[in-house]
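Understanding the architecture of this molecule
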Amino acid sequence: KVTLNFSCRDLLDRDVMSKSAPQIRLYTSMQDRSNYSLQGKTEKINNTLNPVFGKGIDIPYIFEKQTFCKVVVVDDDKDGISSDADNLGEAEFTLGQVPRTLR
């Protein structure tokens, strides 16, 4: 397995009375870029446009197969109860495109 960790900078502010409450939703597919399924979510961090998420998301890694990933950043004001969270941005990539960071 591989653990992906996320942070964001200068996100859009979709809230009127405060800053956004961003959360990452990671979708993966072993087939192609159109058959994604939700793999995991980070915690929501309230009132920030520059979140550093403490919770990484584990995904399976199979050396012989390409893993397609889609990261969606949402402003989740309703604690995941509603599916109408504001989209703050998204990116698609393959797991092989992610640089490895040694700790």
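Let me sum up the structure you'll find in this document. None of the values given here were measured: they were computed from a predicted structure. (Residues numbered from 1 in each chain as written. Predicted model: local features only at pLDDT ≥ 70, side-chain atom pairs only at ≥ 80, totals over all residues. Heavy atoms only, no water.)

Per the secondary structure count, the protein chain includes 0 helices and 6 strands. For the protein chain, the N- to C-terminal ordering of α and β elements is β-β-β-β-β-β. Here the C-alpha atoms of the protein chain give a radius of gyration of 14 Å, agreeing with the 13 Å that 2.2 N^0.38 yields for 103 residues. Expressed as lengths along the three principal axes of its C-alpha atoms, the size of the protein chain is roughly 50 × 30 × 20 Å. Within the protein chain, buried positions represent 35% of all 103 residues. A fraction of 62% describes how many contacts in the protein chain between residues 6 or more apart in sequence connect residues 24 or more apart. When the accessible surface of the protein chain is split by element, carbon and sulfur atoms take 48% of a total near 6,800 Å². (Helix = DSSP H or I, 4+ residues; strand = E, 2+ residues; numbered from the N terminus. Rg over C-alpha atoms; globule rule 2.2 N^0.38 Å. Buried < 20%, exposed > 50% of the residue type's maximum accessible area, 1.4 Å probe, protein only. Contact = heavy atoms within 4.5 Å. Areas by Shrake-Rupley, 256 points an atom, 1.4 Å probe, with all protein chains shown as cover.)

Formed by 15 residues in total, the largest nonpolar core has its most connected members in Phe6, Ile24, Leu26 and Ile59. Per-element tally for this core: the top contributor is strand β5 (residues 68-75), with 3 residues. (Core = buried A, V, L, I, M, F, W, Y, C linked by side-chain atoms within 4.5 Å.)

Keep in mind that most residues, glycine aside, have a negative phi and that most peptide bonds are trans. Of note in the backbone geometry, aspartate 10 takes a positive phi value of approximately 55° without being a glycine. When you line up the elements, aspartate 10 lands in the loop between β1 (2-4) and β2 (22-29). Residue aspartate 10 is classed as exposed on the basis of its relative accessible area of 68%. Positive phi, close to 60°, is recorded for asparagine 47, a residue that is not glycine.

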